[in-house]
Amino acid sequence: MTFSPANHPSSSPQTHNQARSQARRENPEVSCFAFVLSLRAALHDEHHSAGDLSSVRVWREEDASWTAPSPPPVRKVRASQPQNNAEMPRFSARWVVLLVLILLVGAFFYCEYLIYFPTILKCAWPKISHARGGGEGIDGRPLDSTSVRAMVLSDTHLLGAVGGHWFDKLRREWQMERAFQTALWLLKPEIVFILGDIFDEGKWSSQKHWEDDVRRFHRMFRHSAETELVVLVGNHDIGFHYEMDWFKLQRFEKVFNASSTRIVTKKGVNFLLVNSVALHGDGCPICQSVEKELIKLSRDLNCSLQNSGSCEGSQTYPPTPPIMLQHYPLFRVSDAGCTGRDAAPPEERHLLFREKYDVLSKEASQRLLQWFKPRLILSGHTHSGCEVLHDNKYPEISVPSFSWRNRNNPSFILASVSPGSFAMSKCFLPEESTVIGVYCSAGGCLLLLLLAHCVWMKGLLQCLSLLGKHKSL
Ligand SMILES: [Zn+2]
Ligand SMILES: [Zn+2]
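Residues numbered from 1 in each chain as written. Chains lettered and ligands numbered in written order. Predicted model: local features only at pLDDT ≥ 70, side-chain atom pairs only at ≥ 80, totals over all residues.

1. Things to note about the overall build of the protein
For the protein, the count of helices and strands is 14 helices and 13 strands. Counting over 473 residues, the protein shows a buried share of 32%. If you take every contact in the protein between residues at least 6 apart in sequence, the share linking residues at least 24 apart comes to 71%. (Helix = DSSP H or I, 4+ residues; strand = E, 2+ residues; numbered from the N terminus. Buried ≥ 20, exposed ≤ 12 C-beta atoms within 10 Å, placed from the backbone. Contact = placed C-beta atoms within 7 Å.)

What follows is the structure, given as structure tokens:
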């Protein structure tokens, strides 16, 4: 289709131009063709541009005749910038690439780095003055000023060389590192406890793989001198009772430079660490050693509490019952009584626990309660949250796993503990499903953007094919 007086012999030039604009607005093919003309002008050199104009004629008033117009001054236009902007949408490749990059980098930066900040910022140290025990410490000072800020997490399960896929390892360790470092930076705990199962394959890893796991652990859980990191032993670190041996236990204790059973005292608070893997009660050498150590610690603590003169030669501790920390929970039948968003799934809550495998035996649990009369027990191993009250006076908190490999919503405990009281809150980390949702949304936007780009490209191709048809006519 070409606009020329031959097609409209009775029209004047002005009415002809109006008709052409009208036709362009009303007829998309006309519009499309105009766009193609502009693209052709951009793509062709000066010679071709002048050649195209030879078919267009101008009405001259003075001699009332049609003449060929003089060629316009040459104007170089880039092919990616069509002239009639008002009529065609613009999705240039440069903008598409820029938007794609912003989308991808933004989603990645948010999901892998930024997301931990708003989530952990919602967490705060609990006010001990509102907790059981009143508002003053045993020395009359306000409890908040004498309390210890203790962060408690469990079951990090750093994957080993045998069972762990490299991507799983990379992702989980990055998540835990970012969560831990962000929590340290925002919450500034004075002491951090990790309740065992630090490594997934400590029970069978070779010396070389063990050293690699330890190196990664120290990198992930690096901390300043103001924060003390205390690590407990779990069945994945040295094996279950039947797998455990002196070599694995001493290897673990050497890395963390401390005995697996001991008391850590901070601001007058006694934290009792128990190697619960060695509480089988079958007289195995490690079990005997651990029980002997526990009996000594119990005697020292009771002497300190009673301030008895018959305790000469025993180690003295602040006169307060301990907070007991261990990997295995004390004996309970199942998780049926557990509630909360991080409790075990309903289908698993009624499964009966096996003594010495899922929980400590009844005998070992009773012995620990009688020996130490702890005011609080914190344990791991089940990977789910739970609160239990033993004998109607000994509260126990099961701390869920800190790894997204084990949970969609990992968490840790924030505990403010003074010699006479304590308060706790739970800090949830970002949910894995949220992160996946953000990535899926970004992927959806990306697809829409590419689709819009392709639709525009398709329109362009259609126009080019139309031009081809007109040429053949
Ligand atoms: Zn575990
Ligand atoms: Zn375990």
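2. Things to note about helix α8 (residues 207-220)
For α8, built from 14 residues, the straight-helix expectation of 20 Å at 1.5 Å per residue is met to within 8% by its first-to-last C-alpha distance of 20 Å. Of all the positions in α8, only W210, D213, V214 and F217 are classed as buried. The arc that holds the buried residues of α8, viewed along the axis, is 100°, so those residues lie on one side. Facing away from the buried side of α8 by more than 90 degrees, the exposed set consists of K208, R215 and R219. Close packing links the buried residues of α8 with α10 (246-256). (Expected span 1.5 Å × (residues − 1). Arc of directions from axis to C-beta.)

3. Overview of the sheet that holds strand β12 (residues 411-417)
The five strands lie next to each other as β5-β4-β3-β12-β13, forming an open sheet whose pairing is mixed. Two strands close off the open sheet at either side, each with one partner strand: β5 (228-231) and β13 (422-428). Each strand axis lies, on average, 20° off the axis of its neighbour in the sheet, ignoring direction. Here strand β3 (residues 148-153) pairs with strand β4 (residues 191-194) via four bridges, running parallel. Residue pairing for β4: M151 is matched across the bridge by V192. (Pairing = 2+ DSSP bridges. Axes fitted to C-alpha atoms, helices over the stretch in contact; angles between N-to-C directions.)

4. Thoughts on the environment of S411
The topology assignment puts S411 in strand β12. S411 gets classed as buried once you count the C-beta atoms within 10 Å, which come to 22. In the structure, S411 is positioned 20 residues away from E431 in sequence and 9.8 Å away in space, judged by C-alpha atoms. Residues within four places of S411 in sequence aside, it is in contact with D342, P400, K426, C427, F428 and L429.

5. Section: the UniProt feature "transmembrane region" (unreviewed entry) in the protein
According to UniProt, the positions carrying the feature "transmembrane region" (unreviewed entry) are residues 95-116 and 436-456. Segment residues 95-116 splits into 95% helix and 0% strand. End C-alpha atoms: 31 Å apart. For residues 436-456, the end-to-end C-alpha separation is 30 Å, with 100% helix and 0% strand making up the annotated structure. (UniProt positions renumbered as here; feature names shortened; annotations may be inferred.)

6. Here we look at the pairing of strand β8 (residues 323-326)
Burial along β8 is two-sided: the face carrying I323 and L325 and the face carrying M324 and Q326 are both buried. Across four bridges, the pairing between β8 and strand β9 (residues 376-379) is parallel. Bridged to L325 within β9 is L378.

7. Some remarks on the sheet that holds strand β7 (residues 269-274)
Pairing is mixed in the open sheet, where six strands are placed in the order β6-β7-β8-β9-β11-β10. Both outer strands of the open sheet, β6 (262-266) and β10 (386-390), are each paired with one neighbouring strand and no more. Each neighbouring strand pair of the sheet contributes to a mean axis angle of 20°, computed without reference to strand direction. Relative to strand β11 (residues 394-398), β9 runs parallel, the two being bridged by three bridges. When the bridges of β11 are listed, I377 appears paired with E396.

8. Here we look at the confidence of the model for the protein
Fine structural detail should not be taken from predicted coordinates in areas where pLDDT scores are low. Model confidence for the protein is summarised by a mean pLDDT of 81, while 74% of its residues fall at 70 or above. This stretch, residues 28-33, has a pLDDT under 50; its non-local contacts, to residues over four places away or in other chains, come to nine contacts. Across residues 35-39, confidence stays below pLDDT 50; counting only partners more than four residues off in sequence or on other chains, it has 13 contacts. (pLDDT = per-residue confidence, 0-100.)

9. Topic: the nonpolar core
Among the nonpolar cores identified, the biggest contains 73 residues, and V152, F193, L272 and L325 are the most heavily contacted of them. Discounting chain neighbours no more than four positions away, the residues touching L325 are F193, L195, L232, F271, L272, L273, V274 and L378. (Core = buried A, V, L, I, M, F, W, Y, C linked by C-beta atoms within 7 Å.)

10. With respect to unusual backbone geometry
With a phi angle near 65°, K356 is a residue other than glycine that sits in the positive phi range. Here K356 shows up in the loop between α12 (346-349) and α13 (362-372). In this structure, D391 takes a positive phi of about 50° despite not being glycine. Relative to the helices and strands, D391 is located in the loop between β10 and β11.

11. Some thoughts on the environment of K267
Topologically, K267 is positioned in the loop between β6 and β7. Judged by the 16 C-beta atoms lying within 10 Å of it, K267 falls in the partly exposed class. Apart from the residues within four sequence positions on either side, K267 is in contact with T146 and V148.

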